[in-house]
Amino acid sequence: MTLLEQIEKDYIVAYKAKDDVKKAVLRHLKTAVKNQMVEVGRELNDDEVLELVAKQIKQRKDSIEQYTSAGRQDLAETEAVEVEALQDYMPPELTPEELGAAVDKAIADVGASSMQDMGKVMQAIMQAYKGQVDGKALSGLVRSRLAS
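Please read all numbers here as calculations on a predicted model, not as lab measurements.

(A) The arrangement of helix α7 (residues 135-147) in detail. The terminal C-alpha atoms of α7 lie 18 Å apart, and with 13 residues this matches the ideal 18 Å at 1.5 Å per residue to within 8%. Among all positions of α7, only Leu138, Ser139, Leu141, Val142 and Leu146 are buried. Residues of α7 that are buried sit in contact with α5 (96-110) and α6 (118-128).

(B) Structural detail: the packing of aromatic side chains. Overall, the coordinates contain one aromatic pair when judged by the stated rule. Consider the rings of Tyr11 and Tyr15, whose centres lie 6.3 Å apart with planes at 35°: the pair is tilted. Of this pair, Tyr11 and Tyr15 both sit in helix α1 (residues 3-16), separated by four residues, roughly a single helical turn. Residue class for Tyr11 comes out buried when judged on its relative accessible area of 14%.

Parameters at a glance
Residues numbered from 1 in each chain as written. Predicted model: local features only at pLDDT ≥ 70, side-chain atom pairs only at ≥ 80, totals over all residues. Heavy atoms only, no water. Helix = DSSP H or I, 4+ residues; strand = E, 2+ residues; numbered from the N terminus. Expected span 1.5 Å × (residues − 1). Buried < 20%, exposed > 50% of the residue type's maximum accessible area, 1.4 Å probe, protein only. Contact = heavy atoms within 4.5 Å. Phe/Tyr/Trp six-rings, centres within 6.5 Å; stacked < 30°, edge-to-face > 60°.

Put into structure tokens, the structure is as follows:
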């Protein structure tokens, strides 16, 4: 079963169960997928759908930060619940140890020796571990390893 088929199936289950939060989240996701399909003119593969899920999660995390700084905890909590619903479609994130090992390997593979090579290292890791790495955590770790 493709990721898109799983999302469609879960949407129907959420609709029947009257799970308004999950239903709304999946409706937004399905809309984003359909818009992307129209843009590229074909069906999306699982990697492309995964990218859209990751983009939706990032948008909601940014909203959480903004709502929290504005003192709107109620809206931040709603966004957090939506993030939880979307996380079900993402592969598990790398542990800090796994991330450290991946960074060390990428630095060796790319032959990185200075901060100028940071982009190459980041790109290598993001390609190898799609959806499994938090960009901010990765950036900080790569920066610290290349600076030393």
